[in-house]
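Results of the structural survey
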Amino acid sequence: MSSDNTLSITPSSAIESANYNPKTKDLLIDFGKSQYTFAQVEPEVIESLIEADSAGSYYHANIKGKYSSVREVSI
């Protein structure tokens, strides 16, 4: 993970980028047309997301629907 909290994930047709704040455990995922913040995501989940062969597949199997999320509004 880089110092600006941007995750190095395997390129995915579903996910453009992801950022993680280890202090708040918030995960921000940019899907291109929308962004969502997922709350209280454990560091182990983030490590597995980084190591996954497909970030999109990992997201669908292990993050989506399992963590409280908020759609971010662009200004």
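Please refer to the structure placed before this passage.
To keep things clear, this report deals only with the structure shown in the data block. Treat the numbers as computed from the prediction; the structure is a model and nothing was measured.

Okay, the pattern of salt bridges next. Tallying each qualifying case throughout the model produces one salt bridge. Lys25 is the salt-bridge partner of Glu42, the closest N and O atoms lying 3.3 Å from each other. With a gap of 17 residues between them, Glu42 in the loop between strand S3 (35-38) and helix H1 (43-51) and Lys25 in the loop between strand S1 (17-21) and strand S2 (26-30) connect regions that are remote in the sequence.

Positioned with a positive phi, Lys25 is a non-glycine residue whose angle comes to about 65 degrees. Residue Lys25 is classed as partly exposed on the basis of its relative accessible area of 23%. You will see that Gln40, though not glycine, has its phi angle at about 55 degrees, which is positive. Looking at the secondary structure, you find Gln40 in the loop between S3 and H1.

Moving on to the environment of Thr10. Note on placement: Thr10 falls in the segment before S1. Not counting the four nearest positions on each side in its chain, Thr10 is found in contact with Ile50, Ala52, Asp53 and Ala55.

Now for the sheet that holds strand S4 (residues 69-72). Sheet strands pair by backbone hydrogen bonding; their relative direction is either parallel or antiparallel. The sheet built from four strands is open, its strands ordered S1-S2-S3-S4 with antiparallel pairing. Strand pairing shows two members of the sheet lacking a second neighbour, S1 and S4, which therefore form its edges. In this sheet, neighbouring strand axes are inclined to one another by 20 degrees on average, regardless of whether the strands run parallel or antiparallel. In this sheet, S4 lies alongside S3 in antiparallel orientation, the contact comprising four bridges. Looking across to S4, one finds that Phe38 is bridged to Ser69.

The rules we used
Residues numbered from 1 in each chain as written. Predicted model: local features only at pLDDT ≥ 70, side-chain atom pairs only at ≥ 80, totals over all residues. Heavy atoms only, no water. Salt bridge = Lys/Arg side-chain N within 4 Å of Asp/Glu carboxyl O. Helix = DSSP H or I, 4+ residues; strand = E, 2+ residues; numbered from the N terminus. Buried < 20%, exposed > 50% of the residue type's maximum accessible area, 1.4 Å probe, protein only. Contact = heavy atoms within 4.5 Å. Pairing = 2+ DSSP bridges. Axes fitted to C-alpha atoms, helices over the stretch in contact; angles between N-to-C directions.

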